[in-house]
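# Residue-level structural notes
The lines below spell out each chain.
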Protein chains: 2
Amino acid sequence: MVRILSIVLTVNSNPLLSTFMINNLPDVRKVMWKAGFAIGAFCLATELIFCILRRRRSRPVNEVLFFPCETVCMEHILSPSLQLSCFCPLTHGKKTSMYHLLQHILSASSSLDVCIFAFTNTDLSRAVLALRSRGVAIRVLVEEKNVSICGSQIPVLLGAGICVRFNRTPISMHHKFAVVDGRKLITGSLNWTCTGVHDSNENVIVTEVTELVRPYVRQFARLWLCNDPEQTCV
Amino acid sequence: MVRILSIVLTVNSNPLLSTFMINNLPDVRKVMWKAGFAIGAFCLATELIFCILRRRRSRPVNEVLFFPCETVCMEHILSPSLQLSCFCPLTHGKKTSMYHLLQHILSASSSLDVCIFAFTNTDLSRAVLALRSRGVAIRVLVEEKNVSICGSQIPVLLGAGICVRFNRTPISMHHKFAVVDGRKLITGSLNWTCTGVHDSNENVIVTEVTELVRPYVRQFARLWLCNDPEQTCV
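It should be emphasised that the depicted structure is a prediction, and the values quoted were computed from it without experimental measurement.

Below, the discussion takes up the overall build of chain A. What chain A contains, in helices and strands, is 9 helices and 8 strands. Burial statistics for chain A: of 234 residues in total, 49% are counted as buried. Long-range contacts, defined as pairs at least 24 residues apart, comprise 71% of the intrachain contacts of chain A with a sequence gap of at least 6.

Think of an α-helix as 3.6 residues a turn; residues three or four steps apart then line up on the same face. All names here are of chain B. Relative to the 24 Å expected for 17 residues at 1.5 Å per residue, helix α9 (residues 210-226) spans 24 Å between its end C-alpha atoms, a close match to the ideal helical length. Those residues of α9 lying buried are L212, V213, P215, Y216, Q219, F220, L223, W224 and C226. Here the buried residues of α9 occupy an arc of 165° about the axis, which is enough to place them on one side. Along α9, the residues that are exposed and aim more than 90 degrees away from the buried face are R214 and R218.

This next bit is on the packing of aromatic side chains. Residue and element names in this part refer to chain A. Summed over the entire model, instances satisfying the criterion amount to 8 aromatic pairs over all chains. Look at F177 and Y216: their rings are 5.0 Å apart centre to centre, the planes differ by 75°, and that puts the pair in the edge-to-face class. Of this pair, F177 sits in strand β6 (residues 176-180) while Y216 sits in helix α9 (residues 210-226), and the two are 39 residues apart along the sequence. By relative accessible area, which is 0% here, F177 ends up buried.

Before going further, it helps to examine the side chain of S200(A). Here S200(A) is to be found in strand β8 (residues 200-207). Classification of S200(A) by relative accessible area gives buried; the value is 5%. Residues in contact with S200(A), not counting those within four places in the same chain, are F67(A), P68(A), T195(A), I171(B), S172(B) and H174(B).

With that settled, the discussion passes to the pattern of salt bridges. The full count for this structure, using the stated rule, is 15 salt bridges over all chains. The shortest N-O distance in the salt bridge between D181(B) and R183(B) comes to 3.9 Å. The class for D181(B) is buried, based on a relative accessible area of 15%. Residues E208(B) and R183(B) are paired through a salt bridge, measuring 3.6 Å at the closest nitrogen-oxygen approach. Of this pair, E208(B) sits in the loop between β8 (200-207) and α9 while R183(B) sits in the loop between β6 (176-180) and β7 (184-188), and the two are 25 residues apart along the sequence. When salt bridges with common partners are traced through the structure, they connect D181(A), R183(A) and E208(A) into a single cluster.

What follows covers the pairing of strand β3 (residues 137-143) of chain B. All names here are of chain B. Counting buried residues along β3, 5 of its 7 residues qualify, which places the element largely inside the surrounding structure. Here 6 bridges tie strand β2 (residues 111-116) to β3, and the two strands are oriented parallel to one another. Each bridged residue has a counterpart across the sheet, and for L112 the counterpart in β3 is I138. This β-α-β element, β2 to helix α6 (residues 122-133) to β3, shows right-handed connectivity. The handedness of the β3 to strand β4 (residues 163-167) crossover, carried by helix α7 (residues 154-159), is right-handed.

Residue and element names in this part refer to chain B. Here helix α5 (residues 97-106) crosses α6 at 20°, and the two axes come no closer than 10 Å. Put simply, α5 runs roughly parallel to α6. Viewed along their axes, α5 and α6 form a crossing whose handedness is right-handed. In contact with M98, L101, L102, I105 and L106 of α5, α6 contributes D123, L124, A127, A130 and L131.

Considered domain by domain, chain A is made up of domain 1 (28-57) and domain 2 (62-81 + 91-227). Relative to domain 2 of chain A, the C-alpha centre of domain 1 of chain A lies at a distance of 48 Å.

So, about the pairing of β8(B). Each regular strand shows side chains that alternate between the opposite faces of the sheet. All names here are of chain B. For β8, a buried count of 8 out of 8 residues is recorded, marking the element as mostly surrounded by other parts of the structure. Burial of β8 is two-sided: the residues S200, E202, V204 and V206 facing one way and the residues N201, N203, I205 and T207 facing the other way are all buried. Bridge count between strand β1 (residues 62-67) and β8: 6 bridges; the pairing is antiparallel. Bridging across to β8, L65 finds its partner in V204. Sheet topology places β7 next to β8; 4 bridges connect them, and they run antiparallel. Paired with L185 across the two strands is T207, which belongs to β8.

Looking now at the environment of C226(B). Mapped onto the elements of the fold, C226(B) is located in helix α9. Among the residues examined, C226(B) registers a relative accessible area of 9% and is labelled buried.

Time to look at the environment of L112(B). Residues and elements named next belong to chain B. Inspection of the secondary structure puts L112 in strand β2. C-alpha of L112 to C-alpha of P155: the two residues are 43 residues apart in sequence and 18 Å apart in space. In this structure, L112 is in contact with I105, V128, L131, V136, A137, I138, R139, A178, V179 and V180, ignoring residues within four places of it in sequence.

Moving on, we come to the UniProt feature "domain: PLD phosphodiesterase" (unreviewed entry) in chain A. When the UniProt feature table is mapped onto this chain numbering, "domain: PLD phosphodiesterase" (unreviewed entry) sits at residues 169-196 of chain A. Annotated as 11% helix and 43% strand, the span residues 169-196 of chain A places its first and last C-alpha atoms 25 Å apart.

Counted according to the given criterion, the structure contains 0 disulfides over all chains. C226(A) supplies the cysteine sulfur nearest to C115(A), a cysteine that is in no disulfide, at a spacing of 11 Å. Residue class for C115(A) comes out buried when judged on its relative accessible area of 0%. C86(B) supplies the cysteine sulfur nearest to C88(B), a cysteine that is in no disulfide, at a spacing of 3.6 Å. Accessibility expressed as a relative area gives 27% for C88(B), which makes it partly exposed.

So, about helix α6 (residues 122-133) of chain A. Residues and elements named next belong to chain A. Relative to the 16 Å expected for 12 residues at 1.5 Å per residue, α6 spans 16 Å between its end C-alpha atoms, a close match to the ideal helical length. Turning to α6, its buried residues number three or more, namely D123, L124, S125, A127, V128, A130 and L131. Close packing links the buried residues of α6 with α4 (75-78), α5 (97-106), β2 (111-116), β3 (137-143) and α7 (154-159). Backbone geometry just after α6 places G135 at a positive phi near 90°.

Conventions used here
Numbers given to residues run from 1 along each chain, matching the order in which its sequence is written. Naming scheme: in the order in which they are written, chains are lettered from A and ligands are numbered from 1. Since the coordinates come from a predicted model, pLDDT governs what is reported: local features require at least 70, and pairs of side-chain atoms require 80 or more to be given and counted, while whole-chain, interface and lining totals use all residues. No hydrogens and no water enter the side-chain calculation; it runs on all heavy atoms of the structure. The helix count covers DSSP runs of H or I at least four residues long, the strand count covers runs of E at least two residues long, and both are numbered beginning at the N terminus. Buried residues are those whose accessible area, probed at 1.4 Å on protein chains only, stays under 20% of the maximum for their type, while exposed residues exceed 50% and partly exposed ones sit between those limits. A contact between two residues is defined here by any heavy atoms of the two lying within 4.5 Å. Take the number of residues in a helix, subtract one, and multiply by 1.5 Å to get its expected span. This arc corresponds to the set of directions leading from the helix axis out to the C-beta atoms. Note on aromatic pairs: the rings of Phe, Tyr and Trp (six-membered ring only in Trp) are paired at centre separations within 6.5 Å, and the planes decide the class, stacked below 30 degrees, edge-to-face beyond 60, tilted for the rest. For this analysis, a salt bridge means a side-chain nitrogen from Lys or Arg found within 4 Å of a carboxyl oxygen belonging to Asp or Glu. Two strands are said to pair when DSSP picks up at least two bridges between them. The definition of a right-handed crossover adopted here requires that, viewed with the strands pointing away, the path from the first strand over the helix to the second runs clockwise. Axis lines are fitted to C-alpha atoms, over the contacting stretch for helices. Their N-to-C directions set the angle, which ranges from 0 to 180 degrees. Here the angle decides the label: under 35 degrees means roughly parallel, over 145 means roughly antiparallel, 65 to 115 means roughly perpendicular, and every other value means oblique. By definition, any crossing whose near helix is turned counterclockwise from its far helix by less than a right angle is left-handed, and any crossing with a clockwise turn is right-handed. These domain boundaries are the output of an automatic or database domain assignment. UniProt positions are given in the numbering used here, feature names are shortened, and annotations may be inferred rather than shown by experiment. When two cysteine sulfur atoms lie within 2.5 Å, the pair is treated as a disulfide.

Have a look at this one:
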C-alpha cells in the first residue's frame, strides 16, 4: 500500500513528467494506458513476492504428537553414520511420534533446556548426549525424588558433564517441557520415560508460536535460578 | 492491491475522463495532484480498515498458565449471583491461573470434551456442572483406575447425568486435555486435582490455533469411540 501511494505521488509531483504529457497530447491516453498497466503489474508482482516471503518466513512450527508409539529402531537418526549397519530385529525407517520428537530435539543448534518430572528413556537420553557432543548448551532440571528411580538417565547425563539441577523445593516439579534454541517449545503430558512413550496415551505439542514459547522460556529461567544450589529460592 | 489496480484501470480506460482531462489542459496537473491524493488516501484508509478487521478476526487465543496457584475464592465466577454475599475467609477477586482456567472452561457455549487422568478438583467440577445446567453438551473420558480415588469428582458428574466413559484398555490414559466448543484447546501437565492446582509446578496451554486444536478433537473422538462400553476398541 505504501509503495503504491509513493508511486502515485511521485508521478503527480514530477513537473517534467507532467510537462511531457501536456506536450504530447495525442499520446496521453496511450501513455496512460501503458503506464497504468505497468504500474499495476509492477505493484502486483512486488506485493505477491512480499506476500510469499512473509508467509514463508513467519509460518511457525505447530505440530501435535500422540503416544503411545511402537518401538522401532531409531539408529538412523541417533547414529546416522551407522544406519546401514544396523541389523537389530526392530522395524527400521518408520516415522513414529518418537521419531518426530527426537528430530525436534536434535534440531537444536545452540541450546536445549529440559524441565522434566522423570527421565528414563534411553533414546531421548542419547539424543541429549548427541547434542552435547555437538557443543549445544544443555540444562536439565529434574524432580529430585525421580533422580534415582529405576533406569534414570540423570546419572548418565551427569557423567557426560551435562549441567543438571534438582528440584528440592516442597513444590513438586511436574513439568514435562523442553525449549530448543530458545524458540521451539516441546510440551505436553509425556514424561520422558519408557512407560510414557510406549505404554500410555500421551500428547505432545511442538510449537514456535512466540506467545506460547516465551512464557516457558521465562518459567525455565525462574525455576533454574530458584533451584540453584548456591541460592535460596526467589 | 487488487482494489488499487482496478482503480488505476478504471481511470485509464474511461474515455470520458481522458477527454475531460485533454479539454481542460491548464487544470490537468492540479486535477492529477488532487486525484492522486484522493486515491492514495482512499486506498490507505480501506487497506487500514481491512488490516484491522483481519487482525481482529483471525487472532486466536494463545495463553499459558502456570501452577501452583494460591487458593482464593472463586465464588464470583462459579456463582456470579452470590459474589456479593460471599464472606468466606479466602482472598476475593484475585485473578489467579485457576481463575483464568475456569474462565476458559466456562466460556463453553455448545460443548466441552474432557480427557483426563484424574479429576478431584471441586472448583473444576463445579465449573463442569455449571455448564451442564446451561445445557452445554459434556463428555468426560477418565482413566478407570482413578475413578474411585479419594475426592474423585466422577461420581458427582455421573450423579448430575453427565456422560462419562472410562479407559479400560491396557494403555493407561495419561492425557490432561479439554476441548471447548470444538475450537479451544486446554492442555498441559496439569491433572484436574487439588495437588496439581495448589502443590505442583504445572503448565497449561490454552490455544485456538487450528493446527493444534484439530488433532486433539480427532484424538478425543477416537478415544471416545474406543472406550464405548458397547464397542470393541478400534
